[in-house]
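# Structure at a glance
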Amino acid sequence: MGMKFHLSATIKLSKPASKEVISKEIENFNAQLTEKQVDARIEKWDVLENNLNIEIVSGTKRRAHDILLNFRNILSKNLGKKYKIGVRKIDVNFYEVTFSLEKEPLQPVTIPFADLEIDGKNVRMILKDTSEEFLRKNYVDRMIKRVIEKVENQYYEGKKEFWKLIWKSEEKEPVWNKDPTEEMLKRGWLVQGPTKGKWFYRPQAAAIFRAMERIAIEEILKPLGFQEVIESHIVPFEIWLRTGHLEGMPGEIYYVCEPKTRDVKEWERFIDLVKITREVPEEELKKTVSVPRAGICYAQCPVIYWSLRGRTIADESLPLLIFDRTAISGRYESGGRHGIERVDEFHRIEPVYIGKPEQLIELRKKLIERYKHVFNDIFEIEWRMAWVTPWYLQQAGKTDVGEHYGEGVIGTIDFEAWLPYRGDRKNSKWLEFQNLSILGDKYVKAFNIKAQKGELWSGCTGIGLERWMAVFLAQKGLDPENWPEGFRKYLDKLPEGIKIL
Ligand code: ATP
Ligand code: ZN
Ligand code: MG
């Protein structure tokens, strides 16, 4: 893809320099670029008093701004040594990047820090912010990438997610076709939570929920040798900057603010207002809390990776098999909320595995075996597995590492179950109740986690306990009499609950 960078700048010198001197410098500089086969050069220049105006044109190998900063350094060294002339500062007067797209945009595209002029597949990006600091940070490259990505997304939007069936269970006759959430509400096992998408589980519902957790631990995690860790469920933005969650789903995050201070003096007016008005003084609160720098856990794996950042894992610990069941996930589901299965606050067990590619491929087989055992022999539900490609792999543009490990190695398997209350098994939408991913080196790279030698991969499998409960109850009902033997080993009788008048 052709890419051209065109930059015009003024370099301010501490005192005037002669044309001869400057001419020599530029000649030498250009000669060096040619020698190094860099497709860039200073095309035009002139000196007016203390001002040296130059125009740089470059191709894809190096960026014009990079050439400019490089030239400035060389110039400063040479002029300083020979003529005691200093280089004061550089002002970029104009910086334009032209490049071409693979497809024409379907809708207008905008980008921060620049004006875009798009004609067919040709893009002119004229930078508005051209401060030295801006250029030094190499934002330009990311801006180009982002423009290309935004156009690609326009084509991708509305397209269905990739989905390929890989296995399905036998058909199972459900004992009923009611929505378990509705029924639990009627029976008083469950109460709508105090804020959106939250629930209060009374003893009966809590007992079922905890049975799910015990099954996951006893039947899957213990037999496979997973070790428990306990993590915080407040995640600082630094972590999500590394994993991509902050740009991936900023609209789903529950943001966390800290107080600016715990000094009572600073809170005095706030307290006064609360005492007098019996309302929350929101304007005053804005002054006493900081802007969020963290959010509530979205998935547990990022913090697990973070805890190992920059570390080398000993061979004897590989594959590393750990899980967290402490952090609670918060997601702003908005219009999608429904029942206990799509909530804003949920409880997952997240097993994470880090190891050699072959170890993880082997582990996935074992995990699937254990999962089949739970869903076939303990829950006895109707379910299926499908190969799907999650957004973060799609965005990274790599769907597999086919060359080495074959198709269908890196990626995600969704586990889905029929919810009879949504309609018949053929035409209704099944519920994803958990997933299982091998993510290659994406996260170990992002957190610089290493093996003693060779490649290291990682992956995770999010066990959604509310979802386990939702699919089990949707097919098996609320009456323990109707529950399969295997499940009754974990929960045979429900607690009495609370009699409410
Ligand atoms: P969905 O497509 O249903 O929104 P997702 O792709 O966002 O799911 P993941 O990020 O892959 O889900 O999370 C893994 C698991 O976490 C899911 O399989 C599910 O068990 C659970 N989960 C995700 N979102 C919710 C939610 N809002 N309520 C309850 N459980 C959830
Ligand atoms: Zn994960
Ligand atoms: Mg989701």
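Each helix and strand counted, the protein has 17 helices and 23 strands in total. For 501 residues, the compact-globule estimate of 2.2 N^0.38 gives 23 Å, and the protein exceeds it by more than 25% at 30 Å. Overall, the C-alpha framework of the protein stretches about 100 × 70 × 50 Å when taken along its three principal axes. The buried share of the protein, reckoned over its 501 residues, is 48%. The contacts in the protein between residues at least 6 apart in sequence include a share of 73% that link residues at least 24 apart. Accessible surface, the protein as shown: approximately 26600 Å² in total, 49% of it carbon and sulfur. Counting 81 positive and 77 negative side-chain charges, the protein places the averaged centre of each group 4 Å from the other.

Attention shifts here to the packing of aromatic side chains. Evaluated as defined, the whole model comprises 28 aromatic pairs. Centroid distance Phe237 to Tyr255: 6.0 Å. Interplanar angle 80 degrees. Geometry classified as edge-to-face. Taken as a pair, Phe237 in helix H7 (residues 237–243) and Tyr255 in strand S12 (residues 255–256) lie far apart in primary sequence, 18 residues in all. A ring pair is formed by Tyr254 and Tyr332, whose centres lie 6.0 Å apart and whose planes are at 65 degrees; its orientation type is edge-to-face. Here the residue Tyr254 occupies a position in the loop between helix H8 (245–248) and S12, and Tyr332 occupies one in the loop between strand S16 (328–330) and strand S17 (345–355), the gap between them amounting to 78 residues. Looking at Tyr332, the relative accessible area reads 33%, which means it is partly exposed. Chaining the aromatic ring pairs together yields one cluster made of Trp167, Tyr371, Phe375, Phe379, Trp383, Phe415, Phe433, Trp468, Phe472, Trp483 and Phe487. Positioned above the aromatic ring of Tyr155 is the side chain of Lys103, whose terminal nitrogen or guanidinium carbon lies 4.3 Å from the ring centre. Of note, Arg187 hangs over the ring of Trp189, and the distance from its end group to the ring centre comes to 5.2 Å.

Ligand 1 sits among 13 residues. The nearest are Glu333, Arg342, Val343, Glu432 and Asn435. Here an oxygen atom of ligand 1 sits 2.7 Å away from a polar atom, N or O, in the side chain of Arg342. At a separation of 3.4 Å, an oxygen atom of ligand 1 approaches a polar backbone atom of Gln434. Protein contacts shield 80% of the accessible area of ligand 1, which totals 590 Å² for the unbound molecule. For the shell around ligand 1, the secondary-structure elements that each account for two or more residues are S17 and strand S20 (431–438). Ranked by residue count, the leading element in the shell around ligand 1 is S20, at 4 residues.

Let us now look at the nonpolar core. Counting 66 residues, the largest nonpolar core has Phe375, Phe379, Trp468, Met469 and Phe487 as the members making the most contacts within it. At 12 residues, the largest contribution of residues to this core is made by helix H6 (residues 203–224). Sequence-distant contacts of Phe379, defined by excluding residues within four places in its chain, comprise Met212, Ile215, Val374, Trp468, Phe472, Lys476, Pro484 and Phe487.

What follows deals with the packing of H6 against helix H16 (residues 465–476). Contact geometry for H6 and H16: axes closest at 9 Å, N-to-C directions at 110 degrees. By the angle between their axes, H6 is roughly perpendicular relative to H16. Along the contact surface, H6 presents Ala205, Ile208, Phe209, Met212, Glu213, Ile215, Ala216 and Ile220, while H16 presents Leu465, Glu466, Trp468, Met469, Phe472 and Leu473. By residue class, the composition of the contact of H6 with H16 is 12 nonpolar, no polar and 2 charged.

Further remarks concern H6. Spanning 22 residues, H6 covers 31 Å between terminal C-alpha atoms, matching the ideal 32 Å at 1.5 Å per step. In H6, a bend of some 30 degrees at Ile217 exceeds every other bend along the element. Gly225 lies just past H6 and shows a positive phi near 85 degrees.

All right, on to the packing of H6 against helix H12 (residues 357–378) then. It is the contact of H6 with H12, at a shortest axis distance of 10 Å, that shows an interaxial angle of 155 degrees. Considered as vectors, H6 and H12 are oriented roughly antiparallel to each other. Considering how the two elements wind past one another, H6 and H12 form a crossing that is right-handed. Along the contact surface, H6 presents Ile215, Glu219, Ile220, Pro223 and Leu224, while H12 presents Lys366, Leu367, Arg370, Tyr371, His373, Val374 and Ile378. Split by residue class, the contact of H6 with H12 holds 8 nonpolar, 1 polar and 3 charged.

Another point: the sheet that holds strand S6 (residues 122–127). Within a sheet, neighbouring strands are paired by backbone hydrogen bonds and run either parallel or antiparallel to one another. With antiparallel pairing, the 6 strands of this open sheet are ordered in space as S2-S3-S1-S4-S6-S5. In this open sheet, the two edge strands, each paired with only one partner strand, are strand S2 (40–48) and strand S5 (114–119). Here the average twist between neighbouring strands, direction ignored, is 15 degrees. Where strand S1 (residues 3–13) lies against strand S3 (residues 51–58), 8 bridges are found, and the strand directions are antiparallel.

Owing to its 3.6 residues per turn, the α-helix aligns residues three or four sequence positions apart on the same side. If you check helix H2 (residues 64–83), its first and last C-alpha atoms are 27 Å apart, about what 20 residues at 1.5 Å a residue would give, namely 28 Å. Listing the buried residues of H2 in full gives Ala64, His65, Ile67, Leu68, Leu69, Phe71, Arg72, Leu75, Asn78 and Leu79. Positive backbone phi, at 55 degrees, marks Lys84, one or two positions downstream of H2.

Further remarks concern the pairing of S6. As paired elements, strand S4 (residues 87–100) and S6 share 5 bridges and run antiparallel to each other. Residue pairing in the sheet places Glu96 in a bridge with Ile126 of S6. The pairing of S5 with S6 spans 6 bridges and is antiparallel. Among the inter-strand pairings, Glu117 is bridged to a residue of S6, identified as Arg124. Linkage of S5 to S6, two consecutive antiparallel strands, is achieved through a turn of 2 residues, within which Gly120 is found at a positive phi near 65 degrees.

We now examine the pattern of salt bridges. For side chains of opposite charge, pairing can occur when their charged atoms come near one another. According to the stated counting rule, one finds 32 salt bridges in the structure shown. For Asp91, the salt bridge goes to Lys89, with nearest N and O atoms at 3.4 Å. The closest approach of N and O atoms between Arg342 and Glu333, which form a salt bridge, is 3.3 Å. Glu333 gets classed as buried once you look at its relative accessible area, which sits at 15%. Linked through salt bridges whose partners overlap, the residues forming this network are Glu171, Glu173, Glu382 and Arg425.

The strand order across the open sheet built from 3 strands is S11-S13-S12, with neighbouring strands paired in antiparallel fashion. Pairing within the sheet leaves two strands with one partner each, and these edge strands are strand S11 (234–236) and S12. Inspection of the sheet shows S11 paired to strand S13 (residues 294–296) by 3 bridges, in the antiparallel sense. Across the sheet, Val235 pairs through a bridge with Gly295, a residue of S13.

Analysis parameters
Residues numbered from 1 in each chain as written. Chains lettered and ligands numbered in written order. Predicted model: local features only at pLDDT ≥ 70, side-chain atom pairs only at ≥ 80, totals over all residues. Heavy atoms only, no water. Helix = DSSP H or I, 4+ residues; strand = E, 2+ residues; numbered from the N terminus. Rg over C-alpha atoms; globule rule 2.2 N^0.38 Å. Buried < 20%, exposed > 50% of the residue type's maximum accessible area, 1.4 Å probe, protein only. Contact = heavy atoms within 4.5 Å. Areas by Shrake-Rupley, 256 points an atom, 1.4 Å probe, with all protein chains shown as cover. Lys, Arg positive; Asp, Glu negative; His and termini not counted. Charge placed at Lys NZ, Arg CZ, Asp CG, Glu CD. Phe/Tyr/Trp six-rings, centres within 6.5 Å; stacked < 30°, edge-to-face > 60°. Lys NZ or Arg CZ within 6 Å of the ring centre and 35° of its normal. Near = heavy atom within 4 Å. Polar contact = N/O pair within 3.5 Å; in protein donor to acceptor, adjacent residues only side chain to side chain. Core = buried A, V, L, I, M, F, W, Y, C linked by side-chain atoms within 4.5 Å. Axes fitted to C-alpha atoms, helices over the stretch in contact; angles between N-to-C directions. Parallel < 35°, antiparallel > 145°, perpendicular 65-115°, else oblique. Nonpolar A, V, L, I, M, F, W, Y, C, P; charged D, E, K, R; others polar. Expected span 1.5 Å × (residues − 1). Bend = angle between axes of the 7 residues up to and from the residue. Left-handed = near helix turned anticlockwise from the far one by under 90°. Pairing = 2+ DSSP bridges. Salt bridge = Lys/Arg side-chain N within 4 Å of Asp/Glu carboxyl O.

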